[in-house]
Every structure is written in structure tokens, then in C-alpha cells.
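Summary of structural features
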Amino acid sequence: MTKTPLQFQHNGRDVAIFVDGGTNLLVALRELIGDMTPKFGCGQGGCGTCSVLIDGELHLSCLTLAETVAGRSVETLDGIKDGPSLHPLQRAFADNFAAQCGYCTPGMLMAAKALLDRNPQPNRAEVVEAISGNICRCTGYEPIINAVLAAASGGRARA
């Protein structure tokens, strides 16, 4: 099988890799670039743990062909922090105990970031809708919702 050259931006830096036809973005990110923050979950687009932002829009990397991101910008959880400083969403997740086993956390954070990027002051219903494509078996969702609302309010608790 011939390899296809692929160039795109990964967390703000230009990357160039070769992919086999049919390779999904999750495999390209994890195995070819070494970004282990998108997780493999169901492999069928039902759990959300592989969520990434492509040109600012939320996508499931397990269902996205790697070749479709040519010339585009892909952002993963590894790209949202600023050096050693956590992103406000990451800090809010820690402060609000929004991660237990942590497996869903990368996808939840990326879904929340997509929401806050387009709507910096969402209400509870909007947060619930934004994370609805992500499955969490541990938290019961309330700490996650509270963390997103806290991040939106600059860390202050919201009713």
C-alpha cells in the first residue's frame, strides 16, 4: 500500500507525516505524532473520548480520515495548556473533582473548550448539550458540568 504525505498544524506547529489510505486521525495522532491525549474508546464514535478540534470545531478523531485534515489545524488536549500552566478548564476540572478514572477527561475537556470558544458564558443546559456526545461512567456528570460552569465564570462557583 502506498503512503500518502499529509501536512497539517498540530497544536500550533506544522507537522508532516505519511499515512496509509484509510488511516483515521486518532491513529495518526497517537502512533505517528506521539500525542497520546486523544484516547481510543469505542472506535465507533459513540463515547467521545477521542474528541479533537479541527479548525476550532469538535470532531471524533476515530471517525475522521487523517487525509481530511490536510492543511488544517488540529488541536488536542496537549495543546490547550500554556507551557506548564494549566488551561482554565483543566484547573476547573481539578478544582471541581470532575475527573475520577480520567478516561473521558480529554474528550470532555475538548468538548467544553469548543463550547467556551464559541460561547464564553454558557448556561447549564448549553453545557449539558455540549458534553452530550461524551460518555462518563464515573462522575455522574455533575462535577463535569460544574467545572465547565466554573471555568466560564473565571473559577467562581455558579448556582
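What you see is a predicted model, and the numbers here were worked out from it, not measured in a lab.

1. A closer look at the sheet that holds strand 3 (residues 51–54)
- The 5 strands are arranged 2-1-5-3-4 in an open sheet whose pairing can be described as mixed. Each of the sheet's edge strands pairs with one partner strand only, and the pair in question is strand 2 (13–20) and strand 4 (57–60). For this sheet, the mean angle separating the axes of adjacent strands, direction not counted, is 40°.
- Packing of helix 3 (residues 105–118) onto the sheet brings it into contact with strand 3, strand 4 and strand 5 (73–75), and relative to strand 3 it is tilted by some 35°.

2. A word on the pairing of strand 4
- Relative to strand 4, strand 3 runs antiparallel, the two sharing 4 bridges. The residue of strand 4 that forms the bridge with Leu 53 is Leu 58.
- Counting the residues in the hairpin turn of strand 3 and strand 4 gives 2 residues, including Asp 55, whose phi is positive at 50°.

3. A short note on the nonpolar core
- In terms of nonpolar packing, the biggest core is built from 28 residues, with Leu 89, Phe 93, Met 108, Ile 144 and Val 148 touching the most fellow members.
- Filtering out sequence-adjacent residues up to four positions away, Phe 93 remains in contact with Ala 98, Ala 99, Thr 105, Met 108, Leu 109, Ile 144, Ala 147 and Val 148.
- If you look at the next biggest cluster of nonpolar residues, it comprises 14 residues, including Ile 17, Leu 25, Ala 28 and Ile 33.

4. Looking at the environment of Phe 93
- Considering the arrangement of structural elements, one finds Phe 93 in helix 2 (residues 88–95).
- For Phe 93, a relative accessible area of 4% translates into the label buried.
- It is 23 Å that separates the C-alpha atoms of Phe 93 and Cys 42, two residues lying 51 residues apart in sequence.

5. Overview of the packing of helix 2 against helix 5 (residues 142–152)
- With their axes 8 Å apart at the nearest point, helix 2 and helix 5 run at an angle of 135° to one another. With respect to helix 5, the axis of helix 2 lies oblique. As helix 2 packs across helix 5, the resulting crossing turns out to be right-handed. Taken together, the residues of helix 5 that come into contact with helix 2 (itself represented by Pro 88, Leu 89, Ala 92 and Phe 93) are Ile 144, Ala 147, Val 148, Ala 150 and Ala 151.
- Considering only residue class, the contact of helix 2 with helix 5 consists of 9 nonpolar, no polar and no charged.

6. What to know about the environment of Ala 112
- As for its placement among the helices and strands, Ala 112 is situated in helix 3.
- In sequence terms Ala 112 and Ile 145 are 33 residues apart; their C-alpha atoms lie 9.2 Å from each other.
- The residues touching Ala 112, leaving out its near neighbours within four places in the chain, are Leu 89 and Val 148.

Analysis parameters
Residues numbered from 1 in each chain as written. Predicted model: local features only at pLDDT ≥ 70, side-chain atom pairs only at ≥ 80, totals over all residues. Heavy atoms only, no water. Pairing = 2+ DSSP bridges. Helix = DSSP H or I, 4+ residues; strand = E, 2+ residues; numbered from the N terminus. Axes fitted to C-alpha atoms, helices over the stretch in contact; angles between N-to-C directions. Contact = heavy atoms within 4.5 Å. Core = buried A, V, L, I, M, F, W, Y, C linked by side-chain atoms within 4.5 Å. Buried < 20%, exposed > 50% of the residue type's maximum accessible area, 1.4 Å probe, protein only. Parallel < 35°, antiparallel > 145°, perpendicular 65-115°, else oblique. Left-handed = near helix turned anticlockwise from the far one by under 90°. Nonpolar A, V, L, I, M, F, W, Y, C, P; charged D, E, K, R; others polar.

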